[in-house]
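# Survey of secondary and tertiary structure
Single-letter residue listing:
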Amino acid sequence: QVQLVESGGGLVQAGGSLRLSCAASGRTFSSGMMGWFRQAPGKEREFVAVINRSDGSTYYGDSVKGRFTISRDNAKITVYLQMNSLKPEDTAVYYCAAGWPRYYSRRDYYDYWGQGTQVTVSS
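An account of the accompanying structure is given in this report.

Each value, and the rule that gives it
- Residues numbered from 1 in each chain as written.
- Predicted model: local features only at pLDDT ≥ 70, side-chain atom pairs only at ≥ 80, totals over all residues.
- Heavy atoms only, no water.
- Pairing = 2+ DSSP bridges.
- Helix = DSSP H or I, 4+ residues; strand = E, 2+ residues; numbered from the N terminus.
- Axes fitted to C-alpha atoms, helices over the stretch in contact; angles between N-to-C directions.
- Disulfide = S-S within 2.5 Å.
- Buried < 20%, exposed > 50% of the residue type's maximum accessible area, 1.4 Å probe, protein only.

Right, let's talk about the sheet that holds strand β7 (residues 68-73) for a bit. Hydrogen bonds between backbone groups are what pair the strands of a sheet, and the pairing can be parallel or antiparallel. Strand order in the open sheet formed by four strands is β1-β3-β8-β7, with antiparallel pairing between adjacent strands. Every other strand in the sheet has two partners, leaving β1 (2-7) and β7 as the edge strands with one partner each. Neighbour-to-neighbour, the strand axes of this sheet turn through a mean angle of 15 degrees, independent of strand direction. Sheet topology places strand β3 (residues 18-26) next to strand β8 (residues 78-83); six bridges connect them, and they run antiparallel. Each residue of the ladder has a partner; that of S21, found in β8, is Y80.

The next subject is the state of the cysteines. Per the stated rule, a full pass over the model turns up one disulfide. One disulfide bridge connects C22 with C96, the sulfur atoms lying 2.0 Å from each other. For the disulfide bridge between C22 and C96, the dihedral angle about the S-S bond is near -80 degrees, and by the sign convention the bridge is left-handed. Taken together, the residues C22 in strand β3 and C96 in strand β9 (residues 92-99) connect sequence positions 74 residues apart. Of the two residues, C22 and C96, neither departs from the other in class, the shared state being buried.

Right under this line is the structure:
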């Protein structure tokens, strides 16, 4: 079993920045994908970004391209999400996900999930 623990959420003003971290423990793995989804109240869980742990390839949702950057530290089995130029519509609970998804933007294909961390962007 793999445990994912997120950290780094909080309250920030529009235009500000936050960095989220997701650390994996337990039955660790050296391949596969790790990334982030988010869910705002009353909305579906939305794909944000994902990184391939083997080759470092990255993929982003359209709403965050150019503002968010995902990175990894394989030695620590940790991924980071640097969020810049934050907007009120980025307000959501951000969830870390890991696995070997057939389709990286589809939440149903991920095997492991964290508990989530709240990000609130004030206008």
